[in-house]
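Coordinates in review
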Amino acid sequence: MAKRIEDLKVIGNKRLNNDFFVLELSGNDKIPDFKPGQFAQVRVDGSPETFLRRPISIHDVDYERNTFKLLIQIAGKGTGALSKLRNGDFLNLIYPLGNSFGLPVENERVLLVGGGCGVAPLLFLGKYLRSNGYIPDILLGFRNSEQIIEFEEYLKIGNVFLTTEDGSKGEKGYVTNHSILLTGRYKRIYCCGPDSMMRAIAGYCKKNNIACEVSLENLMACGIGVCLCCIIDTIKGNLCTCIDGPVFNINELKW
Amino acid sequence: MVNLGFSIGDLHFKNPVLTASGTFGYGSEFDDFLDVSRLGGIVVKGTTIEPREGNLYPRMAETASGMLNAVGLQNKGIDYFEKNIYPRISGYNTNIIVNINGSYIDDYVALAERINRLEKIPAIELNISCPNVKMGGMAFGTNLDSAREVTRAVRAVYAKKLIVKLSPNVTNVVDFAKVVEEEGADSISLINTLLGMLVDVEKMRPALSTITGGLSGPAIKPIALRMVWQVAKTVRIPVIGIGGIMTTSDALEFFLAGASAVQIGTASFIDPQAPVKILEGIENYLIKKGFSDIKEIIGYINRTT
Ligand SMILES: Cc1cc2nc3c(=O)[nH]c(=O)nc-3n(C[C@H](O)[C@H](O)[C@H](O)COP(=O)(O)OP(=O)(O)OC[C@H]3O[C@@H](n4cnc5c(N)ncnc54)[C@H](O)[C@@H]3O)c2cc1C
Ligand SMILES: Cc1cc2nc3c(=O)[nH]c(=O)nc-3n(C[C@H](O)[C@H](O)[C@H](O)COP(=O)(O)O)c2cc1C
Ligand code: FES
């Protein structure tokens, strides 16, 4: 898939809560065939302090309308500036970048696990799995009930299970504490979220012999495999998160 | 038509826009964004004799108008380059220059000998200015005797064009320029990154695993420009300006200050098409100003002030 650099028109900016918003972008040319897990390098204009592009996952794609969405958590200056975009503004992207989640083996029961801004690539992954004949279960972890986002969207894909740290919705605790994991029914888990969550899930999967892919969020400069800043230490030596990832099978990682 | 070409001795470059080592991979990473063969030259990733894994993550931190890197010369070594990369990139219709690095003078010499045999590599860039390795690198470029010795040793075995890349982390860069010119360098490129650091206040620790790293990007441009101006006034060999060039106007400043060519570095991370945009911009500027040859503007400010 050829990479492009393009100005895309903002056709929606929806605030979900204090921390999260969804940008909808419309392509001039036909948008590429995205694969779940891929990301874009987003140019934030206007400040010397947002000099580098910001990597953001593809969150949702609508090929009929030729649009796609980014789910963004306000983490600092760059994402803060993006939250202020208005309809009609243009956003410069380099995309689509990175590898993608692999499809499950026939008849495997799969679970998607996400938390925080890590839920971003999971919606598109869920829809992609659905369109390939899989009905995944989804386990989402949030700090409290106010942080829960896009719950209805996930319900359209499969069964959704929740944890909140304060127990205000779903089961209390972290995703790794959820009783659904005790059933032993899943043969493959896809996970994206904070480092600690992914490591915990990876540990659980290793112990129980479950295939597992995680999507890493290393710091990036170029996003196209030239600066070698985004490396992750793997059994094959240093790999670039931006081109060899962001999705890695946990067996490749030295976790 | 304006003439954009420049030469290092008898090596001709079709235009003076090159890409900087470590910021353009081996060129092919940019095939989706531009025609690499339009460029005057590409300087490929820093290469060593043996494969290197580089420094630990995190190796990058963003700073105001720039970035710090502490990659530490991660590369697969000269054998891998010769076998797997060289055949793939030697088809580009541009000058491919290899940036060479070592811990000891012998490493540089061995590399230069190896690359001397590669027909499609008309020049090397001797990197004596990498701030991110414990041994070698900047140690050679910040001591006059070492700079002299390594340049002399490589010159003795390398018959094609020798570009020496200088470090800005010195008191008087002109002294280093004179020394490498005396030892037979065919060209000088400068600057490499400036040694810097960043502290993560939330985590209360340095942002980089190595604590210090190399600063690049627009933040360093005024310093780079000053150094290029100083060196270009002093030496007779062509000077290649590097440091924070993001736009056509940035590049033109370097030409007016005396650079015969420029290298585009960090800018390619933000806009992978920056090198060709800058090239087109230079041509338009010359036409607009009524010049027919870029040579007419090189060092222009020295003629008028
Ligand atoms: C492949 C990939 C996909 C991503 N997808 C998404 C996504 O879909 N939605 C989303 O909201 N975020 C995503 N991120 C994280 C996002 O890129 C960062 O949150 C963003 O760059 C922060 O920029 P800022 O200017 O707002 O923050 P800054 O002001 O630069 O930093 C503020 C804080 O954010 C942290 N931060 C900076 N960069 C990253 C990073 N790469 N990962 C994690 N924390 C970081 C810093 O350590 C700091 O504490 C992704 C990251 C990667 C590598
Ligand atoms: C990520 C990164 C890697 C680099 N690697 C090398 C290298 O291997 N050899 C070298 O001589 N310079 C290296 N440099 C320095 C650049 O070639 C250039 O001298 C410097 O970045 C200043 O130019 P700029 O501000 O346009 O980027 C590197 C710079 C960056 C940002
Ligand atoms: S971000 Fe530059 S190599 Fe991955």
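Located above this text is the structure these notes cover.
Along each chain, residue indices are assigned from 1 in the same order as the chain's sequence is written. Whichever chain is written first is A, and whichever ligand is written first is 1; the rest continue in order. Predicted model: local features are reported for residues with pLDDT of at least 70 only, side-chain atom pairs are reported and counted for 80 or more only, and whole-chain, interface and lining totals are derived from all residues. Side-chain metrics in this entry use all non-hydrogen atoms of the structure; hydrogen atoms and water are not considered.

Looking now at the overall build of chain A. What counts as a helix is a DSSP run of H or I of at least four residues, what counts as a strand is a run of E of at least two, and both are numbered from the N terminus. Assigned secondary structure in chain A consists of 4 helices and 16 strands. Of all 255 residues assigned to chain A, the portion counted as buried reaches 57%. Long-range contacts, defined here as pairs at least 24 residues apart, represent 62% of the contacts in chain A between residues at least 6 apart. In short, Shrake-Rupley with a 1.4 Å probe defines the accessible areas, and a residue's cover is counted only from the protein chains shown. Counting every atom, chain A has about 10,800 Å² of accessible surface; 46% of that belongs to carbon and sulfur. When charges are tallied, Lys and Arg are placed among the positive residues and Asp and Glu among the negative ones, while His and the ends of the chain are skipped. Note on charges: their place is set at NZ of Lys, CZ of Arg, CG of Asp or CD of Glu. Charged side chains in chain A number 30 positive and 28 negative. The centres of these two groups are separated by 2 Å. Exposure categories follow from relative accessible area, calculated using a 1.4 Å probe and restricted to protein chains: below 20% of the type maximum is buried, above 50% is exposed, and the middle band is partly exposed. The contact definition used throughout considers only heavy atoms, calling two residues in contact when any of these lie within 4.5 Å.

All names here are of chain A. Whether a residue is near a molecule or strand depends on its heavy atoms: it is near if one of them lies within 4 Å of it. The full set close to ligand 1 counts 21 residues, and Arg-54, Pro-55, Gln-73, Gly-78 and Thr-79 are the nearest of them. At 2.7 Å, a side-chain N or O of Arg-54 approaches an oxygen atom of ligand 1. Any pair of nitrogen or oxygen atoms within 3.5 Å is treated as a polar contact; in protein, a donor-acceptor pairing is required on top of that, and neighbouring residues in sequence qualify only through side-chain atoms on both sides. One of the backbone nitrogen or oxygen atoms of Gln-73 is found 2.7 Å away from an oxygen atom of ligand 1. Looking at the shell around ligand 1, the elements with two or more residues in it are strand E4 (54-57), strand E6 (67-73) and helix H1 (77-82). Ranked by the residues each element gives to the shell around ligand 1, the list is headed by E4, at 4 residues. Taken together, the residues that form the shell around ligand 1 break down as 12 nonpolar, 6 polar and 3 charged. Lys, Arg, Asp and Glu make up the charged group, whereas Ala, Val, Leu, Ile, Met, Phe, Trp, Tyr, Cys and Pro make up the nonpolar group; the residues left over, Gly among them, are polar.

The next subject is the packing of helix H4 (residues 144-157) of chain B against helix H5 (residues 173-182) of chain B. All names here are of chain B. Working convention: axes come from line fits to C-alpha atoms, limited for helices to the stretch in contact. Angles between N-to-C directions cover 0 to 180 degrees. Between H4 and H5, the shortest axis-to-axis distance is 9 Å and the interhelical angle comes to 25 degrees. Between H4 and H5, the angle is such that the two are roughly parallel. By crossing handedness, the relation of H4 to H5 is classed as right-handed. In contact with Leu-144, Ala-147, Arg-148 and Thr-151 of H4, H5 contributes Asp-175, Phe-176, Val-179, Val-180 and Glu-182. Any angle between 65 and 115 degrees counts as roughly perpendicular, while under 35 counts as roughly parallel, over 145 as roughly antiparallel, and the rest as oblique. Left-handed describes a crossing whose near helix is turned anticlockwise from the far helix through less than a right angle; right-handed describes the clockwise counterpart.

Attention now goes to the environment of Pro-48 of chain A. Inspection of the secondary structure assignment puts Pro-48 of chain A in the loop between strand E3 (39-42) and E4. Between the C-alpha atoms of Pro-48 of chain A and Asn-132 of chain A, which are 84 residues apart in sequence, the distance is 44 Å. Not counting chain neighbours up to four residues away, the residues in contact with Pro-48 of chain A comprise Thr-63, Ala-64 and Ser-65 of chain B.

Next up on the list: the packing of H5 of chain B against helix H6 (residues 221-234) of chain B. Residues and elements named next belong to chain B. Relative to each other, H5 and H6 sit at 40 degrees, their axes nearing to 9 Å. As far as their axial angle goes, H6 and H5 are oblique. Judged by the sense of rotation from one axis to the other, the crossing of H5 with H6 is right-handed. When H5 is examined against H6, the residues Val-173, Val-174, Ala-177 and Lys-178 are found in contact with a partner set consisting of Met-227, Gln-230, Val-231 and Thr-234.

It is worth spelling out helix H7 (residues 248-257) of chain B at this point. Residues and elements named next belong to chain B. Within H7, 8 of the 10 residues are buried, which leaves it mostly tucked inside the rest of the structure. Every buried residue of H7 is listed here: Thr-248, Asp-250, Ala-251, Leu-252, Phe-254, Phe-255, Leu-256 and Ala-257. Just downstream of H7, Gly-258 is the residue with a positive phi angle, here 125 degrees.

What follows concerns the sheet that holds strand E1 (residues 4-15) of chain A. Residues and elements named next belong to chain A. Two strands are counted as paired when DSSP detects at least two bridges linking them. What the 7 strands build is an open sheet, ordered E4-E3-E7-E1-E2-E6-E5; its pairing is antiparallel. Taken across any chain shown, the strands that pair with only one partner, and hence form the sheet edges, are E4 and strand E5 (60-62). Averaged over all adjacent pairs, the angle separating strand axes in this sheet is 35 degrees, with direction ignored. Here E3 runs beside strand E7 (residues 90-97); their pairing, made up of 3 bridges, is antiparallel. Bridge assignment links Val-42 to a residue of E7, and that residue is Leu-93. Lying over the sheet, helix H2 (residues 120-131) contacts E4, E5 and E6, oriented at roughly 45 degrees with respect to E5.

Taken together, the 32 residues of chain B in the interface contact 29 residues of chain A. Once two parts are joined, some of their accessible surface, as seen by a 1.4 Å probe, is lost; buried area is that loss totalled over both. In this assembly, chain B packs against chain A so that about 2,500 Å² is buried in total across both faces, 64% of it on carbon and sulfur atoms. On the chain B side of the contact with chain A, Tyr-57, Met-60 and Ile-270 of chain B bury the most area, a combined 26% of that side's loss. Counted as salt bridges are all cases of a side-chain nitrogen of Lys or Arg within 4 Å of a carboxyl oxygen of Asp or Glu. For the pair chain B and chain A, the number of links is 2 salt bridges. In this assembly, chain B and chain A are joined by 9 residue pairs in polar contact (both at pLDDT 80 or more). When residues of the side of chain B that touches chain A are traced back to their parent elements, those giving at least two are strand E5 (60-63), strand E6 (66-69) and helix H8 (267-270) of chain B.

Stacked, tilted and edge-to-face are the three classes applied to pairs of Phe, Tyr and Trp rings, where Trp contributes its six-membered ring and a pair requires centres within 6.5 Å; stacked means planes under 30 degrees apart, edge-to-face means over 60, and tilted covers the rest. Evaluated as defined, the whole model comprises 11 aromatic pairs over all chains. The structure contains a cluster of three or more aromatic residues connected by ring pairs, namely Phe-34, Phe-68 and Tyr-95 of chain A.

Looking now at empty space enclosed by the protein. Residue and element names in this part refer to chain B. Every definition here rests on a 1 Å grid over the protein atoms only: cavities are sets of points where a 1.4 Å probe fits but cannot get out, pockets are open sets enclosed by protein on both sides within 12 Å along at least five of seven lines, and lining residues have some atom within 4 Å of a point. Grid points are joined across faces, edges and corners, and a volume is the space filled by probe spheres set on the points. Within the structure shown, the criterion is met by 1 cavity of 30 Å³ or more. Its volume calculated, the largest cavity comes out at about 520 Å³. In terms of lining residues, the largest cavity is bounded by 36 residues, among which Ser-21, Gly-22, Thr-23, Asn-69 and Thr-193 are the most central. Of all the secondary-structure elements, those providing two or more residues to the lining of the largest cavity are strand E4 (41-47) and E6. In terms of residue class, the lining of the largest cavity is made up of 15 nonpolar, 19 polar and 2 charged.

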